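Next come the chains, spelled out residue by residue.
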Amino acid sequence: PIDMNMLSSATSSSADGLWTDLQGIDGQPCALVVEKGLLAWIGSTHAVPEQYASSKRHDGRGALVTPGLVDCHTHLVYGGQRANEFAMRLAGASYEEIARAGGGIVSSVRATREASEDELFNSASARLQQLLSEGVCAIEIKSGYGLSLEHERKQLRVARRLATAHNVTVRTTFLGAHALPPEYAGRSQAYIDLVCNEMMPALHDEGLVDAVDVFCESIAFSLAETEQVFLAAQALGIPVKLHAEQLSDMGGAALAARFGALSCDHIEHLSQDGIDAMAAAGTVAVLLPGAYYTLRDTHLPPIEALRAAGVPMAVSTDHNPGTSPALSLLLMANMACTLFRLTVPEAIAGITTHAARALGLQQTHGELAPGRPANFVLWNLKDAAEMAYWFGQKPVRCVVRHGRIEEGGV
Ligand code: NIG
Ligand code: FE
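Residue numbering note: each chain is counted from 1, following its sequence as written. Chains carry letters and ligands carry numbers; both start at the beginning, A for chains and 1 for ligands, and go up in the order they are written. Local features in this predicted model are restricted to residues whose pLDDT is 70 or higher, and side-chain atom pairs enter the listing and the counts only when it is 80 or higher, whereas totals over whole chains, interfaces and linings include all residues. Side-chain measures were taken over the full set of non-hydrogen atoms in the model, leaving aside hydrogen atoms and water.

- Going by what an unreviewed UniProt entry lists, the protein is known as Imidazolonepropionase and is assigned to Ottowia thiooxydans.
- As recorded by UniProt, the Pathway (unreviewed entry) comment attached to the protein reads in full: "Amino-acid degradation; L-histidine degradation into L-glutamate; N-formimidoyl-L-glutamate from L-histidine: step 3/3."
- Turning to the protein, the UniProt record has this under Subcellular location (unreviewed entry): "Cytoplasm". UniProt positions are given in the numbering used here, feature names are shortened, and annotations may be inferred rather than shown by experiment.

See the structure below:
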């Protein structure tokens, strides 16, 4: 068997040196310098500082260069798959009906509890590799298919191992309040108490929690339960985010904004009140066209109102086995344009700058600037608009993650 821990270190090389003959998103020729894994300089091809003139050269041969992509909302670690529910929906069942009948999230909980940590690591590794090969340099990974201390810990530990094994930035999110585990049927309050008083503090102590999330929805947790989880997170100093207004307007976004949430995600049914609260708090709107598409949703998120309010919009895969078994962030950018009418620059910002901000990573990821870890992608494309235009393409030439050439080459 392949030792997945060895994959990246065995094949990567240092990106240090002068990268020439590149083209920026703005269409202008540019060059950049990587020193000790950090971006040391970026600017016009004709203005390379003398001190770098004799550095090792990487000839970009005219490639478009962008910041490394950021996938800011995923449920990447889980056991099994749910193709059976796909078939059930094709036969007419709704996502809510399947969930109420004991399928949905709870069926992935059963498979995740049965899987060992190594099994979860190996299956998630293969999925992660798909995203990385397309240029992802930072990714959020949620728990939420364990729903007990032991099994949520197992998921989050796998997320941390993936970061090391693949030399990629991983932000972990504790989503203990994703669904009610079967053993707590009819005892929602008792489960939320467990999440707040035992699971969250223990996992936080173990360094496994970068953020806390809740699924606030009629088939999941109420606004009051969401607030209880946010209060517990706040007491521990952990930032929050929310699965908000996906199937109905629960008022979750306004609540999350009051807690200074990093992001509110899905938001198909977001109200103007929610938008105003998010704008005031600087909360990012995370759009998830893969789930919208899979559920054949017709209720569009309020893009025009978000734009008018100046709320930053991110775009993510929401990779999960139920509503978005998607492993291409570029396809999501395409769908955000075609389904949600984002402009191409909005879609590109959505998978870079704004996605980084949704993870609190705006100082280190999502933009090319001196002093940051070198995370960038060279594309076999002439025009940045092509990133959102093609779908099913594999346009990556080379990915530099954390100062190492991890995919392809020049
Ligand atoms: O983001 N909305 C809730 N959570 C996931 C779906 C999880 C599942 O169905 O397994 C989502 O769409
Ligand atoms: Fe999700």
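Once you've had a look at it, read on.
Description of the pairing of strand E11 (residues 263–266)
Thinking step 1. Two strands pair when backbone bridges link them, and strand E10 (residues 240–244) and E11 are joined in this way by four bridges, in the parallel orientation. Residue pairing in the sheet places His243 in a bridge with Asp265 of E11.
Thinking step 2. You can see the chain leave E10, run along helix H9 (residues 252–258) and come back into E11, and the turn it takes is right-handed.
Thinking step 3. Strand pairing is defined by DSSP finding a minimum of two bridges between the two strands. The numbering of helices and of strands both runs from the N terminus, where a helix is a DSSP run of H or I of at least 4 residues and a strand a run of E of at least 2. Bridge analysis of E11 against strand E12 (residues 284–287) gives three bridges, and the strand direction is parallel. Viewed with both strands pointing away, a crossover whose connecting path from the first strand over the helix to the second turns clockwise is right-handed.

Some details on the coordination of the iron ion (ligand 2)
Thinking step 1. With water excluded from the atoms, a metal site may look incomplete; its donors are any N, O or S atoms within 2.8 Å, or within 3.2 Å for Na, K and Ca. Protein ligation of the iron ion (ligand 2) involves His73 (NE2), His75 (NE2), His243 (NE2) and Asp318 (OD), the donor distances falling in the range 2.1 to 2.4 Å.
Thinking step 2. Along the chain, the residues donating to the iron ion (ligand 2) fall in the pattern H-x1-H-x167-H-x74-D. You can see His75 sitting in the loop between strand E6 (69–71) and helix H2 (83–90) and its partner Asp318 sitting in the loop between strand E13 (313–315) and helix H13 (329–340), a full 243 residues away along the chain.
Thinking step 3. Exposure categories follow from relative accessible area, calculated using a 1.4 Å probe and restricted to protein chains: below 20% of the type maximum is buried, above 50% is exposed, and the middle band is partly exposed. Overall, His75 belongs to the buried group, its relative accessible area being 2%.
Thinking step 4. Assessed through its relative accessible area of 1%, Asp318 is described here as buried.

As for the pairing of strand E9 (residues 211–215)
Thinking step 1. For E9, the tally of buried residues reaches five of five residues, placing the bulk of the element in the interior.
Thinking step 2. Residues Ala211, Asp213 and Phe215 line one face of E9 and the alternating positions Val212 and Val214 line the opposite face, and both faces are buried.
Thinking step 3. By the bridge criterion, three bridges tie strand E8 (residues 169–177) to E9 in an arrangement that is parallel. Bridged to Phe174 within E9 is Val212.
Thinking step 4. Since E8 and E9 lie parallel, the crossover through helix H7 (residues 188–205) that links them has a hand, and here it is right-handed.
Thinking step 5. The handedness of the E9 to E10 crossover, carried by helix H8 (residues 223–236), is right-handed.

Brief notes about the site of ligand 1
Thinking step 1. Here a residue is near a molecule or strand as soon as one of its heavy atoms is found within 4 Å of it. Near ligand 1 there are 15 residues, and of these Arg82, Tyr95, Tyr145, Asp318 and Thr323 occur at the shortest range.
Thinking step 2. Counting of polar contacts relies on pairs of N or O atoms within 3.5 Å, with two restrictions inside protein: one atom must be capable of donating a hydrogen and the other of accepting it, and residues adjacent in sequence are counted only when both atoms are side-chain atoms. At a separation of 2.6 Å, an oxygen atom of ligand 1 approaches a polar side-chain atom of Tyr145.
Thinking step 3. Under the convention used here, a 1.4 Å probe and the Shrake-Rupley method define accessible areas, while residue burial counts only the protein chains that appear. Starting from 320 Å² of accessible surface for ligand 1 in isolation, the protein chains cover 100%.
Thinking step 4. Judged by its atoms lying within 2 Å of the grid points, ligand 1 is housed in the largest cavity.
Thinking step 5. Note on residue categories: nonpolar means Ala, Val, Leu, Ile, Met, Phe, Trp, Tyr, Cys or Pro, charged means Asp, Glu, Lys or Arg, and polar means any other residue, Gly included. Partitioning the shell around ligand 1 into residue classes produces four nonpolar, nine polar and two charged. Cavities and pockets are found on a 1 Å grid laid over the protein atoms alone: a cavity is a set of points where a 1.4 Å probe fits but cannot escape, a pocket is an open set with protein on both sides within 12 Å along at least five of seven lines, and a lining residue has an atom within 4 Å of such a point. A cavity or pocket is said to hold a molecule if more than half of that molecule's atoms lie within 2 Å of its grid points.

Topic: the UniProt feature "binding site: Zn(2+)" (unreviewed entry) in the protein
Thinking step 1. The UniProt record annotates "binding site: Zn(2+)" (unreviewed entry) at His73, His75, His243 and Asp318. Taking the farthest pair of C-alpha atoms as the criterion, the annotated set spanning 246 residues converges on one region, since that pair is 12.1 Å apart. For the largest cavity, the lining residues drawn from the annotated set are His75, His243 and Asp318.
Thinking step 2. Excluding residues that lie within four positions of it along the chain, His75 makes contacts with Lys142, Tyr145, Leu175, His178, His243, Asp318, His319 and Asn320.
Thinking step 3. A distance of 3.1 Å separates the side chain of His75 from the side chain of Asp318, its partner in a polar contact.
Thinking step 4. Residue placement: His243 occurs in strand E10.
Thinking step 5. What makes two residues a contact is simply this: any of their non-hydrogen atoms within 4.5 Å. Apart from the residues lying within four places of it in its own chain, the contact partners of His243 are His73, His75, Lys142, Leu175, Asp213, Val214, Phe215, Cys216, Asp265 and His266.
Thinking step 6. Among the polar contacts listed, one links the side chain of His243 to the side chain of His75, at a separation of 3.3 Å.

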